[in-house]
Amino acid sequence: MQQILKDGFDALALPFTEEMSNRFRKYYDCLTEKNAVMNLTSIEGEADTARLHFLDCAALCSVYNFSGASVIDVGTGAGFPGLPLKIAKPDISLTLLDSHNKRISFLKDTCTELGLEDVR
């Protein structure tokens, strides 16, 4: 998964750091664990998650400079595209909004696990 992400970020001309790599790995682990008991996404497996979730979301950074922006992800579900954006651009102020409390609980726990700050 890490090589797919590195190659994808390179293709998008975006920086990819070890910290980002570690956070994407932890996010994948949290997502996989919780998806086993709660339907968060039908996309499974490292390669598909890296390409179809993480890189698709990060691709937004190649068309808009989110640095320092306040971003709200309405109907975030499992955190897409908000959390990959936050991992790629840690200086954004992120609000995740979803109508299901169980998803919000998952996102709070995941943000804590990833060490993400300035996420509501």
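Preceding block: the structure.
Residues numbered from 1 in each chain as written. Predicted model: local features only at pLDDT ≥ 70, side-chain atom pairs only at ≥ 80, totals over all residues. Heavy atoms only, no water.

## Here we look at the packing of helix α1 (residues 2-11) against helix α3 (residues 46-58)
Move 1: It is at 10 Å that the axes of α1 and α3 come closest, and there the two elements cross at 30 degrees. Considered as vectors, α1 and α3 are oriented roughly parallel to each other. Relative to α3, α1 is oriented so that their crossing is right-handed. Touching Ile4, Leu5, Gly8 and Phe9 of α1 are Ala47, Ala50, Arg51, Phe54, Leu55 and Ala58, all from α3.
Move 2: Tallied by class, the residues present in the contact of α1 with α3 amount to eight nonpolar, one polar and one charged. (Axes fitted to C-alpha atoms, helices over the stretch in contact; angles between N-to-C directions. Helix = DSSP H or I, 4+ residues; strand = E, 2+ residues; numbered from the N terminus. Parallel < 35°, antiparallel > 145°, perpendicular 65-115°, else oblique. Left-handed = near helix turned anticlockwise from the far one by under 90°. Contact = heavy atoms within 4.5 Å. Nonpolar A, V, L, I, M, F, W, Y, C, P; charged D, E, K, R; others polar.)

## Details of the side chain of Thr76
Move 1: You can see Thr76 is positioned in the loop between β1 (70-74) and α4 (82-88).
Move 2: For Thr76, the residues in contact, after removing those within four places along its chain, are Leu96, Leu97, Asp98 and Leu107.

## Topic: the pairing of β1
A regular strand carries its side chains on alternate faces of the sheet.
Move 1: Along β1, the buried face is formed by Val71 and Asp73; none of Ser70, Ile72 and Val74, which line the opposite face, is buried.
Move 2: Sheet analysis places β1 next to strand β2 (residues 93-97), joined by five bridges and oriented parallel. Its bridge partner being in β2, Val74 is matched across the sheet by Leu97. (Buried < 20%, exposed > 50% of the residue type's maximum accessible area, 1.4 Å probe, protein only. Pairing = 2+ DSSP bridges.)

## A word on the pattern of salt bridges
Move 1: In total, this model carries six salt bridges according to the counting rule given.
Move 2: The salt bridge partner of Lys6 is Asp10, with a shortest N-O separation of 3.0 Å. Taken together, the residues span about one helical turn, with Lys6 and Asp10 both in helix α1 at a distance of four residues.
Move 3: Residue classification places Lys6 among the partly exposed positions, given a relative accessible area of 37%.
Move 4: By relative accessible area, which is 43% here, Asp10 ends up partly exposed.
Move 5: The shortest N-O distance in the salt bridge between Arg103 and Asp98 comes to 3.0 Å.
Move 6: You can call Arg103 partly exposed: its relative accessible area is 22%.
Move 7: In this structure Asp98 comes out as buried when scored by relative accessible area, which is 13%. (Salt bridge = Lys/Arg side-chain N within 4 Å of Asp/Glu carboxyl O.)

## Points about helix α2 (residues 18-35)
Move 1: Here α2 is 18 residues long and its end C-alpha atoms lie 25 Å apart, about the 26 Å a rise of 1.5 Å per residue gives.
Move 2: Met20, Ser21, Arg23, Phe24, Tyr27, Tyr28, Cys30, Leu31 and Asn35 are the residues of α2 that are buried.
Move 3: Tucked into the core, α2 has its buried residues touching α1, α3, α4 and α5 (101-114). (Expected span 1.5 Å × (residues − 1).)

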